[in-house]
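# Survey of secondary and tertiary structure
For reference, the chains in residue letters:
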Amino acid sequence: VTTTVIDSISYKVYALHRFQPFVGFALGTVKRNILNIDDNGNIISVEKEYKENTFLGVKIYPKKTDIHNSKFFLCKKSDILSRFNILAGMDFTNINPVDNFMVGSGIDIFPGLNISIYGNWYKNNTYKIEQGKFIKDGRPLMFDHGFMISLDPVVIFNFAKLIAKP
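Below you will find a few notes about this structure.

Thresholds applied
- Residues numbered from 1 in each chain as written.
- Predicted model: local features only at pLDDT ≥ 70, side-chain atom pairs only at ≥ 80, totals over all residues.
- Heavy atoms only, no water.
- Helix = DSSP H or I, 4+ residues; strand = E, 2+ residues; numbered from the N terminus.
- Expected span 1.5 Å × (residues − 1).
- Buried < 20%, exposed > 50% of the residue type's maximum accessible area, 1.4 Å probe, protein only.
- Pairing = 2+ DSSP bridges.
- Phe/Tyr/Trp six-rings, centres within 6.5 Å; stacked < 30°, edge-to-face > 60°.
- Axes fitted to C-alpha atoms, helices over the stretch in contact; angles between N-to-C directions.
- Salt bridge = Lys/Arg side-chain N within 4 Å of Asp/Glu carboxyl O.
- Contact = heavy atoms within 4.5 Å.

Taking 1.5 Å of rise per residue, the twelve residues of helix H1 (residues 153–164) would be expected to cover 16 Å, and the 16 Å separating its terminal C-alpha atoms lies within 8% of that figure. Among the twelve residues of H1, zero are classified as buried, and the element is accordingly described as predominantly exposed.

Here we take up the pairing of strand E7 (residues 133–138). Every regular strand shows the same layout, with side chains that alternate between the two sheet faces. Both strand E6 (residues 126–130) and E7 contribute to a ladder of five bridges, which runs antiparallel. Bridge assignment links Thr-126 to a residue of E7, and that residue is Gly-138. With antiparallel pairing between neighbouring strands as the criterion, E6 and E7 make up a hairpin whose turn holds two residues, including Gln-131 at a positive phi of roughly 55°.

Once that is clear, we can look at the pairing of strand E2 (residues 43–65). With 17 bridges joining them, strand E1 (residues 17–37) and E2 adopt antiparallel strand pairing. Directly across from Ala-26, in E2, lies its bridge partner Asn-53. The hairpin formed by E1 and E2 contains five residues between the paired strands, and Gly-41 there has a positive phi angle of roughly 90°. Pairing analysis gives six bridges linking E2 to strand E3 (residues 84–91), with the strands arranged antiparallel. In the strand pairing of E3, Gly-57 is matched with Gly-89.

For any pair of aromatic rings, the description consists of the separation of the ring centres together with the inter-plane angle of the planes. Within this structure, the stated rule accounts for three aromatic pairs. For the pair Phe-55 and Tyr-118, a centre-to-centre distance of 5.6 Å together with 65° between the ring planes defines the contact as edge-to-face. Here Phe-55 is found in strand E2, whereas its partner Tyr-118 is found in strand E5 (residues 113–123), with 63 residues between them in sequence. With respect to class, Phe-55 is no different from Tyr-118; both count as buried. Note on Phe-101 and Trp-121: the rings are 5.9 Å apart at their centroids and 20° apart in plane angle, and the pair reads as stacked.

Taken in spatial order, the six strands line up as E1-E2-E3-E4-E5-E8 and close into a barrel, and their pairing is antiparallel. Within the sheet, the average angular offset between the axes of one strand and its neighbour, ignoring direction, is 30°. For E3 and strand E4 (residues 100–110), the ladder comprises seven bridges, and the chain directions are antiparallel. Along E4, the bridge assignment pairs Met-90 with Phe-101.

The subject of this paragraph is the pattern of salt bridges. Overall, the coordinates contain five salt bridges when judged by the stated rule. Notably, a salt bridge pairs Arg-139 with Asp-99, separated by 3.0 Å at the nearest N-O pair. Of this pair, Arg-139 sits in the loop between E7 and strand E8 (141–151) while Asp-99 sits in the loop between E3 and E4, and the two are 40 residues apart along the sequence. Of the residues examined, Asp-99 reaches a relative accessible area of 15% and is grouped as buried.

Examined against the element boundaries, Arg-32 turns out to sit in strand E1. Arg-32 sits in the buried class, given a relative accessible area of 8%. Look past the residues within four positions of Arg-32 in its chain and what remains in contact with it is Glu-47, Lys-48, Glu-49, Lys-51, Asn-53, Asn-120, Tyr-122 and Asp-144.

Secondary-structure assignment places Tyr-14 in the segment before E1. We classify Tyr-14 as partly exposed; its relative accessible area is 40%. Once the C-alpha coordinates of Tyr-14 and Asn-69 are considered, the two residues, 55 residues apart in sequence, prove to be 9.5 Å apart. Setting aside residues up to four positions removed in sequence, Tyr-14 forms contacts with Asp-66 and His-68.

Any functional reading would require information beyond the geometric quantities listed.
Below you can see the structure in the form of structure tokens.
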């Protein structure tokens, strides 16, 4: 008896992931007061603005996920529960990243592209008025919340490789 191979097939099996790094671009929904004060403690202007942040952190998947599954999260045969995640990160555009951190919840629309809501705790200067001058009073922890779109580093690197090709 002889065995003859007629055809063969190969495929990759990827490990499931519980943790994945991210870079997120966020917009807060609470207007923050921005005081511009000169060196003498006189107020120059007061602005109210929504704050945007750039967070770096980690996504934690309660149910392990296949980060190589390219299906849209609502497609058939897509395990929607594995796309939900918890996010934790810090804003590294600050001088001290520990002064600005976030926790959120999101869903991967496609692997590598996430939308989420978040809570942001940050330290902010507060001032008191003494003899008509603004004097720094402290740096309490403040709270903001908002929406974020985040990308996994693999997506960023693949995009960079794509545009770098001659």
